[in-house]
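Descriptive structure summary
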Amino acid sequence: MTRSILRYVRHRITQHPDTDVTFEAECLKCEWQATPSTDDAAVDVECMRHTGMTGHGGFRRICTSFALVERAE
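First, a word on what this report is: a plain description of the structure on this page. Just so it is clear, the structure is predicted and the values come from calculations on it, not from any experiment. (Residues numbered from 1 in each chain as written. Predicted model: local features only at pLDDT ≥ 70, side-chain atom pairs only at ≥ 80, totals over all residues. Heavy atoms only, no water.)

Describing the overall build of the protein chain
On a plain count of helices and strands, the protein chain comes out with 1 helix and 4 strands. Starting at the N terminus and ending at the C terminus, the protein chain contains elements arranged as β-β-α-β-β. What you see for the protein chain is a C-alpha radius of gyration of 21 Å, clearly larger than the 11 Å of a compact globule of 73 residues, by over 25%. When the backbone C-alpha atoms are referred to their principal axes, the protein chain occupies close to 70 × 30 × 15 Å. Long-range pairs, those at least 24 residues apart, make up 58% of the contacts in the protein chain between residues at least 6 apart in sequence. Separation of charge centres in the protein chain, based on 9 positive and 11 negative side chains, amounts to 14 Å. (Helix = DSSP H or I, 4+ residues; strand = E, 2+ residues; numbered from the N terminus. Rg over C-alpha atoms; globule rule 2.2 N^0.38 Å. Contact = heavy atoms within 4.5 Å. Lys, Arg positive; Asp, Glu negative; His and termini not counted. Charge placed at Lys NZ, Arg CZ, Asp CG, Glu CD.)

Structure follows, in C-alpha cells:
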C-alpha cells in the first residue's frame, strides 16, 4: 500500500512585472479593429471615431494582461 503526503502551500497571483496591459477593440458590425495599445483611452477614441464615420456603435473591448503566480512565503 502506498501513502501520499499532501502539502498545501499558499500562493499569490500578480500582474507579470515584465509586461503591460494591452487594450484592443473590434466592431460588432464590420471587420474594423482598433490598433492595440497600452493606453485604454486611445482605443476608446478610435472606437468613437469609427462610430462617427460609420454609425456602428457596438464594440468588443479586450483587455489582456499576463499573470505571475508565486509562493507566498
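Now that the structure has been shown, the text picks up again.
Looking at the packing of aromatic side chains
Summed over all chains, the structure comprises 1 aromatic pair. Ring geometry for Trp 32 and Phe 59: centres 5.8 Å apart, planes at 75°, overall edge-to-face. Residue Trp 32 is found in the loop between β2 (22–27) and α1 (40–54), and its partner Phe 59 is found in strand β3 (residues 59–64); the two are separated by 27 residues along the sequence. (Phe/Tyr/Trp six-rings, centres within 6.5 Å; stacked < 30°, edge-to-face > 60°.)

Description of the pattern of salt bridges
Tallied over the entire structure, the rule returns 3 salt bridges. Across the pair Glu 70 and Arg 12 runs a salt bridge, and its minimum N-O distance is 3.8 Å. In this pair, Glu 70 is assigned in strand β4 (residues 67–71) and Arg 12 in strand β1 (residues 11–15), connecting sequence segments 58 residues apart. Note on Glu 70: relative accessible area 33%, which makes it partly exposed. For Arg 12, a relative accessible area of 42% translates into the label partly exposed. Between Arg 61 and Asp 44 there is a salt bridge, and its shortest N-O distance comes to 2.7 Å. (Salt bridge = Lys/Arg side-chain N within 4 Å of Asp/Glu carboxyl O. Buried < 20%, exposed > 50% of the residue type's maximum accessible area, 1.4 Å probe, protein only.)

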